[in-house]
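Commentary on secondary and tertiary structure
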Amino acid sequence: MKNTFGQSVSVTLFGESHGAAVGAVIDGLAPGIAVSEEEIARQLSRRRPSSPLDTPRQERDNFKILSGVFGGKTTGTPVCIVIPNENVRSGDYNYGPARPSHADYAAFCKYHGYEDYRGGGHFSGRITAALVAAGGILIPALEGLGISIGTHILACGGVWDRSFAENAKEDIASLKNSDFPVLEPERGTAMAERILQAREAADSVGGITETAVCGVMPGLGEPWFDSVEGLLSHAVFSLGGVKGIEFGLGFGFADGRGSECNDALRMSDGRIITKTNHNGGINGGITNGMDILFRCAVKPTASIARQQETVDFIKREETELSIHGRHDPAIVRRICPVLDAVTAIVLCDLLAQRFGTDILKGEKQ
């Protein structure tokens, strides 16, 4: 399995949903980067189930840093973070009947029955806790360089939040301690009602997230195969719940004309900026200094209690099932801090490739 992302700064994931633990190894960090266990815990709390809108599976996420940190600073060796699994009910899972829209059958085809299927095993959203823990180190390092990342729920259950403001920095700050990450609280209340309605109907709903990154300098990324869009998409599509991504106007470009969609350039306080940001802060695969902006389509949670048609891939026969485990009626709220984390991984790797690994402790080459 390929479980590592990044070149200069890399993150490797390990663990299964119902195994002993999940975790991450972060390699390539320079020595001397500040590590706050309080910040890691805060990031994990943003992802943790906390209301009837989420799964009843409650995990304390009592993580341990096993290596790579001493005296509150990175040592320069791999940082290993382990998060024990403490609340599992493996009896809820039966091997053979494939859960629709899950990886059960695909995993069987690849691993020939040796995979840990309990709770989805290595394909479970539980593994994203490890990504968020890594983000608890990388996001503050980026903030030390004046780079901020924020994700909110743009749409869920037919209810829309407003988009980020032209300068998203204040909006990002407002999301930092938000339990339900929206920019207009009344919109969040309406979304929550739609999620609860789906739960009552033994169903689920999807949504759209919007991520903004402020403070990124121009010149990061490469043309063609290592474009900023390409690397962000690569990382974002590691999340099984994400089925679409667009940057800036995205598919909106298809209905416009060049005269409407081009971003005119101008000078502002000695800086070259664009009058609009239809391209989402990226031209030719390289950052142009404007806010990076992208949206993701998040599918409805595949695990629902309704009766569904399927196939038992062991018996090779059609059957029906309803899923009895503990699941979210919507994952769009809990995926927001995960998107922040994977965005931070990509940016840290890009910065390290261009300026060297010491950039993350504030020593630009």
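Refer to the structure presented above.
Residues numbered from 1 in each chain as written. Predicted model: local features only at pLDDT ≥ 70, side-chain atom pairs only at ≥ 80, totals over all residues. Heavy atoms only, no water.

Some words on the layout of surface pockets
Put simply, the test is: Residues are said to line a cavity or pocket when one of their atoms sits within 4 Å of a point; the points come from a 1 Å grid over protein atoms alone, cavities being sets where a 1.4 Å probe fits but cannot get out and pockets being open sets with protein on both sides within 12 Å along at least five of seven lines. Grid points are joined across faces, edges and corners, and a volume is the space filled by probe spheres set on the points. By the convention adopted, Pro, Cys, Tyr, Trp, Phe, Met, Ile, Leu, Val and Ala count as nonpolar, Lys, Arg, Asp and Glu as charged, and the other residues, Gly among them, as polar.
Its volume calculated, the second largest pocket comes out at about 590 Å³. Together, 27 residues line the second largest pocket, and Glu166, Asn167, Ala168, Met290 and Asp291 are the ones closest to its centre. Per-class residue counts for the lining of the second largest pocket are nine nonpolar, eleven polar and seven charged.

Observations regarding the pattern of salt bridges
Stated precisely, the cut-off is as follows: The salt bridge definition used is simple: a Lys or Arg side-chain nitrogen within 4 Å of an Asp or Glu carboxyl oxygen. Helix and strand assignments follow DSSP, with helices taken as H or I runs no shorter than four residues and strands as E runs no shorter than two, numbered in order from the N terminus. The cut-offs for exposure are 20% and 50% of the maximum accessible area for each residue type, with area from a 1.4 Å probe on protein chains only; residues under the lower value are buried, those over the upper are exposed, and the others partly exposed.
According to the stated counting rule, one finds 14 salt bridges in the structure shown. With a shortest N-O distance of 2.8 Å, aspartate 61 and arginine 126 are connected by a salt bridge. Residue aspartate 61 is located in the loop between helix H1 (37–47) and strand S4 (64–67), and its partner arginine 126 is located in the loop between helix H2 (104–111) and helix H3 (128–143); the two are separated by 65 residues in the primary sequence. Classification of aspartate 61 as buried rests on a relative accessible area of 4%. What makes arginine 126 buried here is its relative accessible area of 6%. The closest approach of N and O atoms between arginine 99 and aspartate 104, which form a salt bridge, is 2.8 Å. Assessed through its relative accessible area of 9%, arginine 99 is described here as buried.

Considering the sheet that holds strand S1 (residues 4–5)
Definition in use: Two strands are said to pair when DSSP picks up at least two bridges between them. Whether two residues are in contact is decided by their heavy atoms, any of which lying within 4.5 Å being enough. Axes, fitted as lines to C-alpha atoms, cover a helix only where it is in contact. Angles between the N-to-C directions of the axes lie from 0 to 180 degrees.
A sheet is described by the order of its strands in space; here five strands give the open sequence S1-S2-S3-S7-S4, paired in antiparallel fashion. The open sheet has two edge strands with one neighbour each: S1 and S4. The sheet contacts of H3 involve strand S2 (10–15), strand S3 (21–27) and strand S7 (79–84), and relative to S7 the element is tilted by about 135°.

Overview of helix H6 (residues 228–236)
Given 3.6 residues per turn, any residue in an α-helix points the same way as the ones three and four places further on. Residues of H6 that are buried include every one of Val228, Leu231, Leu232, Ser233, Ala235 and Val236, and no others. In this structure, the buried residues of H6 make contact with S1, strand S11 (242–247), strand S14 (282–283), strand S15 (286–287), strand S16 (292–298) and helix H8 (335–355).

Some remarks on the side chain of aspartate 328
Selection criterion: In protein, a polar contact requires one atom able to donate a hydrogen and another able to accept it; more generally it is a pair of N or O atoms within 3.5 Å, and residues adjacent in sequence count only if both atoms are side-chain atoms.
Relative to the elements of secondary structure, aspartate 328 occurs in the loop between strand S18 (317–321) and H8. Among the residues examined, aspartate 328 registers a relative accessible area of 9% and is labelled buried. Here the side chain of aspartate 328 touches arginine 334 through a polar contact of 2.9 Å, side chain to side chain.

Re a nonpolar patch on the surface
Applicable threshold: Surface patches are drawn from residues lacking salt bridges whose relative accessible area is over 30%; two like charges belong together within 9 Å, two nonpolar side chains (Val, Leu, Ile, Met, Phe, Trp, Tyr) within 5 Å. Reported accessibility uses the Shrake-Rupley method at a 1.4 Å probe radius. Residues are deemed covered only where the shown protein chains occlude them.
A grouping of Leu265, Met267 and Ile272 is seen on the molecular surface, where their side chains present a nonpolar patch of about 360 Å² in accessible area. Structurally, the position occupied by isoleucine 272 is in strand S13 (residues 271–274).

Focus: the packing of H3 against H8
The following threshold applies: Angular relationships are summarised with four words: roughly parallel below 35 degrees, roughly antiparallel beyond 145, roughly perpendicular across 65 to 115, and oblique for the angles in between. Put simply, a crossing is left-handed when the front helix is turned counterclockwise from the back one by less than a right angle, and right-handed when it is turned clockwise.
At a minimum axis separation of 8 Å, H3 and H8 run at an interaxial angle of 55°. Considered as vectors, H3 and H8 are oriented oblique to each other. Considering how the two elements wind past one another, H3 and H8 form a crossing that is left-handed. Across the interface between the two elements, Thr128, Leu131, Val132, Gly135, Leu138, Ile139 and Leu142 of H3 pack against Pro337, Val338, Asp340, Ala341, Val342, Ala344, Ile345, Leu347, Cys348 and Leu351 of H8. By residue class, the composition of the contact of H3 with H8 is 14 nonpolar, two polar and one charged.

Quick notes on the packing of aromatic side chains
Filter applied, for reference: Geometry of aromatic contacts follows a simple scheme: Phe, Tyr and Trp rings, the Trp one being its six-membered ring, pair when their centres are within 6.5 Å, and the pair is stacked under 30 degrees between planes, edge-to-face over 60, tilted otherwise.
Throughout the structure, instances matching the rule amount to six aromatic pairs. Centre to centre, the rings of tyrosine 95 and phenylalanine 313 are 5.3 Å apart; their planes meet at 85°, and the pair counts as edge-to-face. Here tyrosine 95, found in the loop between S7 and H2, pairs with phenylalanine 313, found in the loop between strand S17 (308–312) and S18; they are 218 residues apart in sequence, far enough to count as distant. An angle of 45° between the planes, with centres 5.6 Å apart, marks the rings of phenylalanine 247 and phenylalanine 294 as tilted. Of the two residues, phenylalanine 247 sits in strand S11 while phenylalanine 294 sits in strand S16, which places them 47 residues apart along the sequence. Classification of phenylalanine 294 by relative accessible area gives buried; the value is 0%.

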